[in-house]
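# A closer look at the structure
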Amino acid sequence: MLMDLTLDIRIALRMLRRQPAVSVLIVLTLGFAIGAATIGFAFADLALFRGLPVDDPSRVVSVFVSDTRGSNPRAQVSAPDFVDYRERSRTLERMAVFGSGRAALIEQGQSRTLVVGRATADVFASLGQPPVAGRGFRPDDDRPGAPPVVVLSHRYWVDELAGRADAIGRVMQIGREMFTVVGVMAPSLEFGSLAEFDLWMPLVAGREHARDDRTLRLVARLRDGVSFDEAAAELATIGDALAGEHPQTNGGWKVRLVPIRDLTGGENFWMVIALFLISIGMLMAIATANVSNLVMARAAGRQRELAVRTALGARGSRLLRQFLTEGFILSLAAAALSLPLAWAGLQAIAAFSPEPVFRQVTIDLHELSFVALLALVTPVAFSLAPARPAVRPDVRHVLSDSGSRGSTAAFRGRGGLVVAQVALAVMLLTVSGLAVKSLRQMFEAPIGIRHADLLTFTLDFNDAQYPDVAESRVAAHATREALAALPGVHDATLLDAMPVLGGETTAAFVVDGSSSSSRCSWPRPASLASCRSRSPNELASSAPEWRSAPARGTSPASSSGSRSG
């Protein structure tokens, strides 16, 4: 058997060298098709099989609240509610909250704005990924008065500090305070919005914060032996109890428990993935039909050779095995070509796309298995069907140069493949056109804002360079007036949060001139500004146009003394 296999490989290589142009064309066609299919499978693999890069993602959950009207089904939680959930829950463990903001890094008198994640101590334990260097947060790091520490993101550690080991223990001035670097986060945790963070700081969450300032994301793990339904029922009961205890802030709000794996897509996400996989199958079918046509054309020119071998006693199975050997050699060469093509395609997508999730798409054992499967299946598809007429030649007609009937049959087979290939191509183009049209309509959907001529950017007035709140307020308004005076600028304004892109945070507010005297607060991307209970007239007369960030530890979403607009 080994000798026969060796002989088949030698004959196959000799036959492929006779027509190098056709062989190269087949390898290129299959290589690009398998490479493109591998890129598509890598995205589907991330969404369906690998999921989020956390330890045992089936036990990781996220807690949201929703109002009775259903207008905000995934609102975030407040710091006091988080404290109550953590103290009362018996089904969840390692509960943690985190928020995002901006902070000013001061180096040699120069300011640089960083994207910061503020989190309680159990955030890394809840996700189950230990730091790659140093340590994560300890339980006493998020206590009031604790020494200021920071955990770097892996991206920031590599890009800004060249991955140096001496980064642990380094002191960084962030705002007015000096922080000590204690660890580096695992690169696998840099997915979704977490990939935007440059570093992590401890978050002091307590009941002194506003209960209706819902600006924090909550993650937790199910305890051993606890089902998701049990935890959801318990959290719902705790939410109802808090609504009764705090009717003004929690009345009408329900607690929702969502598996973290369900946050990767929408309700009909599986349909998108199914269409994606169907498109991959159609692409491979088109490539296989194209290669089958080339193989059939080459087999038609080998009828005399096959007739002679048949006349000398070669059986049809022996000739069929020869075709399969040639197909496997071509397929293996195409698979080897497809891997660097797929890797280069994924690198290009990650480099040119602003979406952080594309950085998580890689080629691993799943993708290698997918390429190996295609390399084994495609030769059967493009070798057997074209080879069947060729391995049963009419020896008398072929050797007497009257084999027009066989040539006509081969021509009809090639014509059928062309028709199938064109039909599949039309179907694939139709599906792709509908997908592009849907994406275009999604991005062009009206959002209530005329954004065609709108330019946005961030201003950072940190406490280190603007220690006086009034001074930062004057600088902000001076910047706005200077921008408004530029030629071609219709108007300029200052915002705390971007419309539409500002997240799903919720906050209470007071209408100017109303008779209500409730506390007011609103979310900010870099800090959380709030005001105590005052009368509407007092609010209207004393509310500043520019608010400073609270001091460290006084607000769950503060950004270590950074003011931005």
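Quick caveat: nothing in here was measured; it's all calculated off a predicted structure.

Rules used in this analysis
- Residues numbered from 1 in each chain as written.
- Predicted model: local features only at pLDDT ≥ 70, side-chain atom pairs only at ≥ 80, totals over all residues.
- Heavy atoms only, no water.
- Helix = DSSP H or I, 4+ residues; strand = E, 2+ residues; numbered from the N terminus.
- Buried < 20%, exposed > 50% of the residue type's maximum accessible area, 1.4 Å probe, protein only.
- Contact = heavy atoms within 4.5 Å.
- Core = buried A, V, L, I, M, F, W, Y, C linked by side-chain atoms within 4.5 Å.
- 1 Å grid on protein atoms, 1.4 Å probe; cavity = no way out; pocket = protein on both sides within 12 Å on 5 of 7 lines; lining within 4 Å.
- Points joined across faces, edges and corners; volume = space filled by probe spheres on them.
- Nonpolar A, V, L, I, M, F, W, Y, C, P; charged D, E, K, R; others polar.

Below, the discussion takes up the side chain of Ser 23. Structurally, Ser 23 is set in helix α2 (residues 20-50). Ser 23 sits in the buried class, given a relative accessible area of 9%. Not counting residues up to four positions away in its chain, the partners in contact with Ser 23 are Leu 16, Arg 298 and Leu 330.

This part is about the side chain of Thr 325. Of note, Thr 325 is situated in helix α10 (residues 316-352). Judged by relative accessible area, which is 11%, Thr 325 ranks as buried. In contact with Thr 325, not counting residues within four places along its chain, are Asp 8, Ile 9 and Ala 12.

Tracing the sequence through the fold places Glu 177 in strand β7 (residues 177-184). In this structure the C-alpha to C-alpha distance between Glu 177 and Ile 106, which are 71 residues apart in sequence, comes to 9.8 Å.

Ranked by size, the top nonpolar core spans 26 residues in total, and within it Val 63, Val 77, Tyr 85, Leu 92 and Leu 218 carry the most contacts. Contributions of two or more residues to this core are made by β1 (60-67), α3 (79-88), β2 (92-107), β9 (217-222), α6 (228-245) and β10 (253-259). When residues no more than four places from it in sequence are discounted, the contact partners of Leu 218 are Val 61, Ser 62, Val 63, Val 77, Phe 82, Tyr 85, Met 95, Ala 96 and Val 97. Grouped together as the second largest cluster of nonpolar side chains are 21 residues, Leu 127, Met 185, Leu 189 and Phe 197 included.

If a probe as big as a water molecule is rolled over the atoms, it shows which places are left empty. Taken as a whole and judged by the stated rule, the model has 2 cavities of 30 Å³ or more. Its volume calculated, the second largest cavity comes out at about 50 Å³. If you trace the second largest cavity, you find it lined by Val 65, Asp 81, Tyr 85, Arg 214, Gly 239, Asn 250, Trp 253, Lys 254 and Val 255. Looking at the lining of the second largest cavity, the elements with two or more residues in it are α3 and β10. Sort the elements by how many residues they give to the lining of the second largest cavity and β10 lands first, with 3 residues. The class makeup of the residues in the lining of the second largest cavity is 4 nonpolar, 2 polar and 3 charged.

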